[in-house]
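Listed below are the residues making up each chain.
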Amino acid sequence: MAISMRPQQVRRYGDIARLLTKHGRGASAGYVRDRWNDEPLDLMTPEAEEQMAADARELATDLERLGPTFVKLGQLLSTRADLLPAPYIEALSRLQERCDQVPFEAVATVVQEEFGLPIDRAFAVFDPVPLAAASLGQVHRARLHDGRDVAVKVQRPDVVSGIAEDLETIAEIAGLADRHTETGKRLGFCAMVDEFRRSMLAELDY
């Protein structure tokens, strides 16, 4: 797979490279390597454990800053207690719960694009405050014109195109790692990314 040179892709390569450089070393990375290689795990000092917890919180923040694709990646990693140490599971688990709300004006635009009608014509009542907000969308209470109460799941604006580009970038980097690094050859990052891609696309299919 060739590396794309589109400006948005080049920027994303830089984002991912900085993420890997920042978090791909130190005690936590060593822990992960040992888990994969079935090596005995060293006991950590209290200071090292405290540093690992701080690193884990920073990783969660960095993934959140990179947007929905990486929030979903963090959510997936938060379920891998077989791979990551407890401080990382705890820090990444917050990505399962906390997501910023999409402004109502953007929600109304998405509804109009999907239904071909302004939101006040598509629904008799539409609560501007979401019941829940997640990385890919949010849910609102609404009432149809025939009186039925419904829950409306609205995707975040432009989330599909953004995630598609991110997945393409991640797949290209995984391919390079599989071809040119011993870790990639042993673990097979492309297969992991392909599974992640299928999961993401299924979630996007509203």
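Up top you'll find the structure we're talking about.
These numbers were taken from a predicted model, which means no experiment stands behind them.

Draft legend 1. Focus on the overall build of the chain. A count of helices and strands for the chain gives ten helices and four strands. Each helix (α) and strand (β) of the chain, taken in turn from the N terminus, gives the series α-α-α-α-α-α-α-β-β-β-β-α-α-α. For the chain, the proportion of its 206 residues judged to be buried stands at 37%. Across the chain, contacts joining residues at least 24 apart in sequence account for 56% of those joining residues at least 6 apart. Accessible surface for the chain amounts to roughly 12400 Å². Of this, 55% is attributable to carbon and sulfur atoms.

Draft legend 2. Fine view of the packing of helix H4 (residues 68–77) against helix H10 (residues 189–204). Relative orientation of the contacting elements H4 and H10 amounts to 115 degrees, with a least axis distance of 11 Å. Considering the relative orientation of H4 and H10, their crossing is right-handed. Packed against H4, whose contacting residues are Thr 69, Lys 72, Leu 73 and Leu 76, the element H10 presents Phe 196, Met 200 and Glu 203 at the interface. Within the contact of H4 with H10, the residues separate by chemical class into four nonpolar, one polar and two charged.

Draft legend 3. Representation of the pairing of strand S3 (residues 137–143) within the structure. Judged from the two bridges that link them, strand S1 (residues 125–126) and S3 form a sheet pairing that is antiparallel. Of the residues in S3, the one forming a bridge with Phe 126 is Ala 142. Relative to S3, strand S2 (residues 132–133) runs antiparallel, the two being bridged by two bridges. What sits directly across from Ala 133, in S3, is Gln 138. The hairpin turn running from S2 into S3, its antiparallel successor, is three residues long. Of the strand pairs in this sheet, S3 and strand S4 (residues 149–155) are connected by seven bridges, and their pairing is antiparallel. Residue Gln 138 lies in a different strand from S4, and its bridge partner there is Val 154. Counting the residues between successive antiparallel strands, the hairpin from S3 to S4 contains five residues, one of them, Gly 147, with a positive phi of roughly 95 degrees.

Draft legend 4. The side chain of Ser 78, seen in detail. Along the chain, Ser 78 falls in the loop between H4 and helix H5 (86–93). For Ser 78, the side chain forms a polar contact with the main-chain oxygen of Gln 75, separated by 2.6 Å. Polar contacts involving the side chain of Ser 78 include one to the side chain of Gln 96, which spans 3.0 Å. Once residues within four sequence positions are removed from consideration, Ser 78 is found in contact with Ile 89, Leu 92, Ser 93 and Gln 96.

Draft legend 5. Representation of H10 within the structure. Relative to the 22 Å expected for 16 residues at 1.5 Å per residue, H10 spans 22 Å between its end C-alpha atoms, a close match to the ideal helical length. Buried residues of H10: Val 193, Phe 196, Met 200 and Leu 204, and no others. The arc that holds every buried residue of H10, seen down its axis, measures 75 degrees, which confines them to one face. Residues of H10 that are exposed and point over 90 degrees away from its buried face: Ala 191, Glu 195, Arg 198 and Ala 202. Packed against the buried residues of H10 are H4, S4 and helix H8 (159–180).

Analysis parameters
- Residues numbered from 1 in each chain as written.
- Predicted model: local features only at pLDDT ≥ 70, side-chain atom pairs only at ≥ 80, totals over all residues.
- Heavy atoms only, no water.
- Helix = DSSP H or I, 4+ residues; strand = E, 2+ residues; numbered from the N terminus.
- Buried < 20%, exposed > 50% of the residue type's maximum accessible area, 1.4 Å probe, protein only.
- Contact = heavy atoms within 4.5 Å.
- Areas by Shrake-Rupley, 256 points an atom, 1.4 Å probe, with all protein chains shown as cover.
- Axes fitted to C-alpha atoms, helices over the stretch in contact; angles between N-to-C directions.
- Left-handed = near helix turned anticlockwise from the far one by under 90°.
- Nonpolar A, V, L, I, M, F, W, Y, C, P; charged D, E, K, R; others polar.
- Pairing = 2+ DSSP bridges.
- Polar contact = N/O pair within 3.5 Å; in protein donor to acceptor, adjacent residues only side chain to side chain.
- Expected span 1.5 Å × (residues − 1).
- Arc of directions from axis to C-beta.

Nothing here speaks to function; it is geometry throughout.
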